[in-house]
Amino acid sequence: MNEDRTLSPLLQVVDSADLARLQDCKAELHALLKEERLCGATLLIFANKQDVPSALPVEELEKVNVPRTSRGCGSS
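Per chain, residue numbering runs from 1 following the sequence as it is written. Predicted model: local features are reported for residues with pLDDT of at least 70 only, side-chain atom pairs are reported and counted for 80 or more only, and whole-chain, interface and lining totals are derived from all residues. Only hydrogens and water are removed before side-chain values are computed, so all heavy atoms of the structure are retained for them.

I'd love a proper account of the overall build of the protein, names of residues and values included.
From N to C terminus, the protein includes 2 helices and 2 strands. Reading the secondary structure of the protein in the N-to-C direction produces β-α-β-α. The buried label goes to any residue with under 20% of its type's maximum accessible area, the exposed label to any with over 50%, and the partly exposed label to all in between, with areas taken from a 1.4 Å probe on protein chains only. Sorting the 76 residues of the protein into buried and exposed places 20% on the buried side. Contacts spanning at least 24 positions in sequence make up 78% of the contacts within the protein whose residues lie at least 6 apart. Using a 1.4 Å probe, accessible areas were evaluated by the Shrake-Rupley method; residue-level cover was limited to the displayed protein chains. Per element, the accessible surface of the protein, about 5700 Å² overall, is 52% carbon and sulfur. Starting at the N terminus, helices and strands are each numbered in turn, a helix being any DSSP run of H or I of at least four residues and a strand any DSSP run of E of at least two. What makes two residues a contact is simply this: any of their non-hydrogen atoms within 4.5 Å.

Which residues make up a nonpolar patch on the surface, and what values go with them?
Taken together, the side chains of Leu11, Val13, Leu44 and Phe46 make up a nonpolar region of the molecular surface, amounting to roughly 390 Å² of accessible area. Elements with a minimum of two residues in the nonpolar patch: strand E1 (10–15) and strand E2 (43–48). Here Leu11 lies in strand E1. Like charges within 9 Å and nonpolar side chains (Val, Leu, Ile, Met, Phe, Trp, Tyr) within 5 Å are joined into patches, using only residues over 30% in relative accessible area that form no salt bridge. Salt bridges are defined by distance alone: a side-chain nitrogen of Lys or Arg within 4 Å of a carboxyl oxygen of Asp or Glu.

Can you lay out the pairing of E2 for me, pointing to particular residues and giving the numbers?
Only strands joined by at least two bridges in the DSSP assignment are considered to pair. Here 6 bridges tie E1 to E2, and the two strands are oriented parallel to one another. Counterpart to Leu10 in the pairing with E2 is Leu43. When the strands point away from the viewer, a crossover counts as right-handed if the path from the first strand over the helix to the second runs clockwise. Taking the sense of rotation as the criterion, the β-α-β connection linking E1, helix H1 (residues 22–33) and E2 turns out right-handed.

I'd like a rundown of H1, residues and numbers included.
One less than the residue count of a helix, multiplied by 1.5 Å, gives the span that helix is expected to have. An ideal rise of 1.5 Å per residue puts 16 Å on 12 residues; H1 measures up with 17 Å between its terminal C-alpha atoms. All buried positions along H1 are accounted for by Leu22, Cys25, Leu29 and Leu33. Taken around the axis of H1, the buried residues stretch over an arc of 65°, which confines them to a single face. Elements that come into contact with the buried residues of H1 comprise E1, E2 and helix H2 (58–64). The directions from the helix axis to the C-beta atoms form the arc being described.

Written as structure tokens, this is what we have:
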């Protein structure tokens, strides 16, 4: 797509205390990242509920979700 347009950033809010849904969040995010129209968009993953004692720390959420490295556009 060679359109000249501005992309809005993507924001994913993860309930870091809901361990049962983390894999669903991961699958949803990876599906979004495969969409060519989102190539080049900024991504922010917000680890919500960090104040809850059962919440995974951010370092553990990174292992479950996406690494800090960037991906190439159109890659799987």
